[in-house]
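What the coordinates show
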Amino acid sequence: MFKSIATSLALSAFATGAFAAQTVSEIDVSVDLPAIENSEAAQVWTSLGTDLETAIAERIAPQLGEDSSEVVIDINEVALATAFENAYALEDSTLTGMVEIRVPGLLNNEEYELSVTAGQAMSAASPGVDLDSMTIASAEVYRAMIDAFADNVAQKLK
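Read on for a plain summary of the structure.

Rules used in this analysis
- Residues numbered from 1 in each chain as written.
- Predicted model: local features only at pLDDT ≥ 70, side-chain atom pairs only at ≥ 80, totals over all residues.
- Heavy atoms only, no water.
- Helix = DSSP H or I, 4+ residues; strand = E, 2+ residues; numbered from the N terminus.
- Buried < 20%, exposed > 50% of the residue type's maximum accessible area, 1.4 Å probe, protein only.
- Contact = heavy atoms within 4.5 Å.
- Areas by Shrake-Rupley, 256 points an atom, 1.4 Å probe, with all protein chains shown as cover.
- Core = buried A, V, L, I, M, F, W, Y, C linked by side-chain atoms within 4.5 Å.
- Phe/Tyr/Trp six-rings, centres within 6.5 Å; stacked < 30°, edge-to-face > 60°.
- Pairing = 2+ DSSP bridges.
- Axes fitted to C-alpha atoms, helices over the stretch in contact; angles between N-to-C directions.
- Parallel < 35°, antiparallel > 145°, perpendicular 65-115°, else oblique.
- Nonpolar A, V, L, I, M, F, W, Y, C, P; charged D, E, K, R; others polar.
- Salt bridge = Lys/Arg side-chain N within 4 Å of Asp/Glu carboxyl O.
- Arc of directions from axis to C-beta.

Notes on the overall build of the chain
Helix and strand counts for the chain stand at 6 helices and 4 strands. Taken from the N to the C terminus, the helices and strands of the chain come in the order α-β-α-α-β-α-β-β-α-α. Counting only residues that meet the buried cut, the chain has 38% of its 158 residues in that class. Sequence separation of 24 or more characterises 71% of the internal contacts of the chain that already satisfy a separation of 6 or more. As presented, the chain carries roughly 9000 Å² of accessible surface, and 53% of it is formed by carbon and sulfur atoms.

Structure representation (structure tokens):
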């Protein structure tokens, strides 16, 4: 009986640990903005890496700590450039990146591709907004896409 209770407690502790929020010691976003050729959009998106790091850190502030998980994001510049080139097809413009969560220990890392469309981001940020009056170079679209991307990454870490 004692062995059964001890096993149950151990499994409960393991399950709780598996679902506990991850502590994060580093957030690193890389993006090669010189690869972007749309000058109007590039002016708004110049601080994409820093802004995305800050947005994620704000959402997981209680989880920031030392010697723990790292979040590494590599923004897909080709997808971003395509979004800039199709500035008038805003609904389908995407912010795409590979997100890697590096967790201490063997085989604990997680990697996934995340894509956020401007249409999704704007409808979540400002329901009923008229996308026809905006472009990918709009500050509102930029902020909404950063927020949607950061929200998704933060949710994965909780």
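With respect to the nonpolar core
With 41 residues, the main nonpolar core has Trp45, Ile73, Ile75, Val99, Ile136, Phe149 and Val153 as its most contacted residues. Looking at this core, the elements with two or more residues in it are strand S1 (24-30), helix H3 (48-59), strand S2 (69-75), helix H4 (77-85), strand S3 (94-102), strand S4 (110-117), helix H5 (118-125) and helix H6 (139-157). At 10 residues, H6 tops the list of elements feeding residues into this core.

Some details on the packing of aromatic side chains
Scanning the model with the defined rule gives 1 aromatic pair in all. Seen from their ring centres, tryptophan 45 and tyrosine 142 are 4.9 Å apart, and the 80 degrees between their planes marks the pair as edge-to-face. Of the two residues, tryptophan 45 is situated in the loop between helix H2 (39-44) and H3 and tyrosine 142 in helix H6; the sequence distance between them amounts to 97 residues. Each member of the pair tryptophan 45 and tyrosine 142 is classed as buried.

Points about the sheet that holds S4
Each strand in a sheet pairs with another by means of backbone hydrogen bonds, the pair being arranged parallel or else antiparallel. One open sheet holds the 4 strands; their spatial order is S1-S2-S3-S4, and the pairing between them is mixed. Taken across any chain shown, the strands that pair with only one partner, and hence form the sheet edges, are S1 and S4. Adjacent strand axes in the sheet meet at a mean angle of 20 degrees when their direction is disregarded. Both S3 and S4 contribute to a ladder of 8 bridges, which runs antiparallel.

Some thoughts on the environment of valine 24
Checked against the element boundaries, valine 24 lands in strand S1. Sequence separation between valine 24 and serine 68 is 44 residues; the distance between their C-alpha atoms is 5.4 Å. Beyond its immediate stretch of four places on either side in the chain, valine 24 contacts Ile60, Gln63, Leu64, Gly65, Ser68, Ser69, Val71 and Leu157.

What to know about the packing of H5 against H6
Where H5 meets H6, the closest approach of the two axes is 8 Å, and the angle between their N-to-C directions is 90 degrees. Classified by the interaxial angle, the pair formed by H5 and H6 is roughly perpendicular. Facing Ala118, Ala121, Met122 and Ala125 of H5, the residues of H6 in contact are Glu140, Val141, Ala144, Met145 and Ala148. Each residue belonging to the contact of H5 with H6 can be placed in one class, and the counts come to 8 nonpolar, no polar and 1 charged.

Considerations on the environment of alanine 83
Relative to the assigned elements, alanine 83 resides in helix H4. When the C-alpha atoms of alanine 83 and alanine 41 are compared, they prove to be 9.5 Å apart, with 42 residues separating the residues in sequence. Residues within four places of alanine 83 in sequence aside, it is in contact with Ser93, Thr94 and Ile136.

Thoughts on the pattern of salt bridges
One pass over the full model with this rule turns up 6 salt bridges. A salt bridge links arginine 102 to glutamate 100; the shortest N-O distance between them is 3.3 Å. Overall, arginine 102 belongs to the partly exposed group, its relative accessible area being 35%. Between arginine 143 and aspartate 147 there is a salt bridge, with its nearest N and O atoms 3.3 Å apart.

With respect to H5
For an α-helix the count is 3.6 residues per turn, leaving residues at separations of three or four pointing the same way. Ala118, Gly119, Ala121 and Met122 are the residues of H5 that are buried. In a view along the axis of H5, the buried residues occupy a sector of 165 degrees, so they form one face of it. Elements in contact with the buried residues of H5: S4 and H6.

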